[in-house]
There are 2 protein chains.
Amino acid sequence: MAMVRQTRQRAAVIEVLQASREHPDASAIHAAVRERLPSVSLGTVYRTLDALVRDGVVVTLERAGQATRYDWREGTAHHHAVCRTCGQIFDVDAAALPGVPSANLPGGFRVTDIHLEFMGVCGDCQASTNQTP
Amino acid sequence: MAMVRQTRQRAAVIEVLQASREHPDASAIHAAVRERLPSVSLGTVYRTLDALVRDGVVVTLERAGQATRYDWREGTAHHHAVCRTCGQIFDVDAAALPGVPSANLPGGFRVTDIHLEFMGVCGDCQASTNQTP
DNA sequence: CTACTTGCAAAGATTTTGCACCTCA
DNA sequence: TGAGGTGCAAAATCTTTGCAAGTAG
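All of the points below concern the structure found in this document. (Residues numbered from 1 in each chain as written. Chains lettered and ligands numbered in written order. Predicted model: local features only at pLDDT ≥ 70, side-chain atom pairs only at ≥ 80, totals over all residues. Heavy atoms only, no water.)

What to know about the overall build of chain A
The number of helices and strands found in chain A is four helices and five strands. Within chain A, buried positions represent 39% of all 133 residues. Surface accessibility of chain A: about 7,700 Å² in total, with carbon and sulfur atoms responsible for 49%. (Helix = DSSP H or I, 4+ residues; strand = E, 2+ residues; numbered from the N terminus. Buried < 20%, exposed > 50% of the residue type's maximum accessible area, 1.4 Å probe, protein only. Areas by Shrake-Rupley, 256 points an atom, 1.4 Å probe, with all protein chains shown as cover.)

A word on the layout of surface pockets
Its boundaries defined by the atoms lining it, the largest pocket holds a volume of some 1,700 Å³. Taken together, 50 residues form the lining of the largest pocket, with E62, R63 and A64 of chain A together with E62 and R63 of chain B sitting closest to its centre. Listing elements by their share of the lining of the largest pocket, those giving two or more residues are α3 (42-55), β1 (58-61) and β5 (110-121) of chain A together with α3 (42-55), β1 (58-61) and β5 (110-121) of chain B. Broken down by class, the residue content of the lining of the largest pocket amounts to 19 nonpolar, 14 polar and 17 charged. (1 Å grid on protein atoms, 1.4 Å probe; cavity = no way out; pocket = protein on both sides within 12 Å on 5 of 7 lines; lining within 4 Å. Points joined across faces, edges and corners; volume = space filled by probe spheres on them. Nonpolar A, V, L, I, M, F, W, Y, C, P; charged D, E, K, R; others polar.)

Quick look at the sheet that holds strand β4 (residues 89-93) of chain A
Across the sheet, which stays open at both edges, the six strands sit in the order β4(A)-β3(A)-β5(A)-β5(B)-β3(B)-β4(B) with mixed pairing between neighbours. Where the open sheet ends on each side, the last strands, each with one partner, are β4 of chain A together with β4 (89-93) of chain B. Neighbouring strand axes in the sheet, compared pairwise and without regard to direction, differ in orientation by 30 degrees on average. (Pairing = 2+ DSSP bridges. Axes fitted to C-alpha atoms, helices over the stretch in contact; angles between N-to-C directions.)

A closer look at the relation of the copies chain B and chain A
The two copies are related by a screw operation: chain B maps onto chain A through 180 degrees of rotation and 0.0 Å of translation along the axis, at an RMSD of 0.1 Å. Both copies of the chain, as the preceding transformation shows, are related through a two-fold rotation axis. Every residue of chain B has its C-alpha some distance from the rotation axis, and the shortest such distance is that of L116 of chain B, at 2.3 Å. Of the residues that chain B buries at the interface, 100% are likewise interface residues in chain A, meaning the two copies contact each other through the same surface. (Least-squares fit on C-alpha atoms with pLDDT ≥ 70 in both. Contact = heavy atoms within 4.5 Å.)

Spelled out as structure tokens, the structure:
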């Protein structure tokens, strides 16, 4: 079934994801991968990311109009805090949160993953509370 | 400041959102609005939705590759359960969830909104567990 | 009357795909 | 080998924008 063949390209994409704590988008990943394997195409990056997401080792952070950002799940579960002003994404340790129960879900719904995002304004952006010019 | 002028078009978009429990995307909203005001353009729908989101009366549900879906916040806070198989989106009453604390957030981060999504497989899709043909 | 809105259509951006060649297992 | 992966480039989507004309207040 989900047999995934090991290739140079995939190894590179995975390395980039593991090395980066910046929640990069496909384009940034592509650029980073190209530093080692200049011939890798953007299409391949998308296909690889897709496979990783299906495998559950990578999660996505999607914002309309902006490119999807990808996040390597390094063992520890974590969620995200997204600044609406500067767009920066911070990690939030899930351990500090009480387990979110699957209460009140529609009948028979089986949860495989929980996406929790705190939308708001980060400290830096609050500091510079100049109304947008 | 955020003075929003009342227009036929905006009223129609809001009515459609309030009437729909389907989490429609911009295109579906556009179609529904056109049943009353045939001349409304898709651009206007997007601009109106944008304003409503900024106002905080509408929240978005974003999935890469697919159109953003819009959700009227009818008083009660609620979250979502998204079926990975059929794409259907169910509401989850937030009242049943314990308050998600803002613990462990980056310094000074002020939360304005919480997006919580349960990803998984709905009962119907589990029932028909035929491997995808 | 005046500033804000709208329609239209074109531009932008992101993501997906078909096809011929290449490669891992 | 042979099933699956890759590159390239074009296509499909979704969303944003500029501009002239319309309209709410």
